[in-house]
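Listed below, chain by chain, are the residues.
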Amino acid sequence: MDISWKHEKLSTQNVEFTGDFELSHEILNLSTPYQIFGYFFQDDLIEHIVYETLIYSVQINPNNNFKLISNDVKKYLGVCLLMGLVNIFNIRKYWSPNLGNQIIQETMSVNQFEQIRQFIHFNNNNNMLPKGHVGHDRLHKIRPVIFRSYKCIMLLYSNNQLFRLFQHLKSK
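As a starting point, this report considers the structure included with it.

Moving on to helix α4 (residues 70-85). Helix length check: α4, at 16 residues, gives a terminal C-alpha distance of 23 Å against a target of 22 Å (1.5 Å per residue), a fit within 8%. Residues of α4 that are buried include every one of Asp 72, Val 73, Tyr 76, Leu 77, Val 79 and Met 83, and no others. Axial view of α4: buried residues confined to an arc of 155°, hence all on one face. Of the exposed residues in α4, those oriented more than 90 degrees away from the buried face are Leu 81 and Leu 85. Tucked inside the fold, the buried residues of α4 contact α2 (33-40), α3 (43-60), α5 (102-107) and α6 (110-119).

A full pass over the atoms with the stated rule returns six aromatic pairs. Measuring from centroid to centroid gives 6.5 Å for Tyr 56 and Phe 119, while their planes differ by 65°, and the two rings are edge-to-face. Residue Tyr 56 is found in helix α3, and its partner Phe 119 is found in helix α6; the two are separated by 63 residues along the sequence. Classification of Phe 119 by relative accessible area gives buried; the value is 6%.

Criteria and thresholds
Throughout, a residue's number is its position along its own chain's written sequence, starting from 1. Two thresholds apply to this predicted model, a pLDDT of at least 70 for residue-level local features and 80 or more for giving and counting side-chain atom pairs, whereas whole-chain, interface and lining totals are computed over all residues. Remark: hydrogens and water are excluded; side-chain values derive from all non-hydrogen atoms of the structure. Helix and strand labels come from DSSP, where a helix needs a run of H or I of at least four residues and a strand needs a run of E of at least two; each type is numbered from the N terminus. One less than the number of residues in a helix, times 1.5 Å, gives the span that helix is expected to have. Partly exposed describes any residue whose relative accessible area lies between the buried limit of under 20% and the exposed limit of over 50%, with all areas from a 1.4 Å probe on protein chains only and scaled to the type maximum. Directions pointing from the helix axis toward each C-beta atom define the arc. Two residues qualify as a contact provided that any one of their heavy atoms is within 4.5 Å of a heavy atom in the partner residue. Stacked, tilted and edge-to-face pairs are distinguished by plane angle, under 30 degrees for stacked and over 60 for edge-to-face with tilted covering the rest, among Phe, Tyr and Trp rings (Trp via its six-membered ring) whose centres lie within 6.5 Å.

And the structure:
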């Protein structure tokens, strides 16, 4: 998979969907938002996030007692998605009695949210090559999420649809 960050203007001219709208049975059988979330954030990715987050928390402070389980990461990501629906200028206000969101308040405390936010990591910083190095990856910190999301998206399409998609992309 060759995905890289580029500084160039994106063209939206002559963009036309040429495929079909048929999705795989696997995705059509997903009936709730939680199931769709689970399709893209599968258990192996959540466990990877837990692992990398715990590593980072120890790198920052070897004496901390930060604990994290996969259910905490799922709740955290769900809260972040919900926050994206209603933008409040101050994150702590999502937990305020007057302005806050009851679902967020019942999902996790503001202190737990902020503690996870402080340490959340998707990849080990120690493995990142420095800027200017030949193999430097500007997307290193989120590469595991990109890779797994890409795999999930590719599984949505049949081989014939993928072939047409790649032919279309190659012609650009």
